[in-house]
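Letter by letter, the chains look like this.
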Amino acid sequence: FIMKVLLVNGSPHKNGCTYTALEEISKTLQEEGIETEIFWIGTKPISGCIACKTCVKTGKCVFDDVVNEITTKAKDCDGFIFASPVYYAHPSARLLAVLDRAFYSNKSVFVYKPGACIFSARRAGQVASMDVVNKHFSISHMPIVSANYWNEVFGSEPEDVYKDAEGVATMQNIAKNMSWLLKSIKAGKKAGLERPELSTGHTNFHH
């Protein structure tokens, strides 16, 4: 089967710096034989999670918007790239709202699938932003895809991204590492390697 990576553009600008970085990843993944889809979360209002827990009963978020679109697509995807511009040294609030609701309402569509996050900024804040988004992966059994440098590009305009040679190379290397990991997982399954049996520990913290 052909493997597929979903690339989520969390910028309000459909074709800005963040998209340009995702395009570079997408192009390299396709060269590696991986199918891709870039999904833009758009500019319509996106609510944060309101902890209503309706999703526990229905399997989807009570707010029927891009979050349910993403989790529906995620079922048929093998890996994920989440991308955002940097605002005040953190990811866009829009992307965080999407991630919180998507992972809470449908964590099962992400588990054991490789994930990476990338960020674009004029100057700084990408590393702090990575720490925030990576926590969604690290609580969901997801292998985190890394590269030779932190997952970032610099620039105020899309054309600036291509002037950041190190950033472009990092995007390409993330794609190559994602491809290698996906192919390794596929080969492992073919060889009969199953997921680990997990421990079910209970906290000693009581509410």
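Check the entry above for the structure.
Report follows, based on the coordinates. (Residues numbered from 1 in each chain as written. Predicted model: local features only at pLDDT ≥ 70, side-chain atom pairs only at ≥ 80, totals over all residues. Heavy atoms only, no water.)

1. Thoughts on the packing of aromatic side chains
Summed over all chains, the structure comprises eight aromatic pairs. Seen in terms of ring centroids, Phe-103 and Phe-110 are 4.2 Å apart; in terms of plane orientation they differ by 10 degrees. Their pairing is stacked. Given the relative accessible area of 8%, Phe-103 is considered buried. The interplanar angle of 65 degrees and the centroid separation of 5.1 Å between the aromatic rings of Tyr-149 and Trp-150 together place this pair among those described as edge-to-face. Since its relative accessible area comes to 35%, Tyr-149 is described here as partly exposed. Connected via pairs of aromatic rings, a cluster forms that spans Phe-80, Phe-82, Phe-103, Phe-110 and Phe-137. (Phe/Tyr/Trp six-rings, centres within 6.5 Å; stacked < 30°, edge-to-face > 60°. Buried < 20%, exposed > 50% of the residue type's maximum accessible area, 1.4 Å probe, protein only.)

2. Things to note about helix α3 (residues 66-74)
Those residues of α3 that fall on the buried side of the exposure criterion are Val-66, Val-67, Asn-68, Ile-70, Thr-71 and Ala-74. Buried positions along α3 lie against β1 (4-9), β2 (35-40), β3 (79-87) and α4 (93-106). For α3, the N-terminal capping position is held by Asp-65, with its side-chain oxygen 3.1 Å away from the main-chain nitrogen of Val-67. (Helix = DSSP H or I, 4+ residues; strand = E, 2+ residues; numbered from the N terminus. Contact = heavy atoms within 4.5 Å. Polar contact = N/O pair within 3.5 Å; in protein donor to acceptor, adjacent residues only side chain to side chain.)

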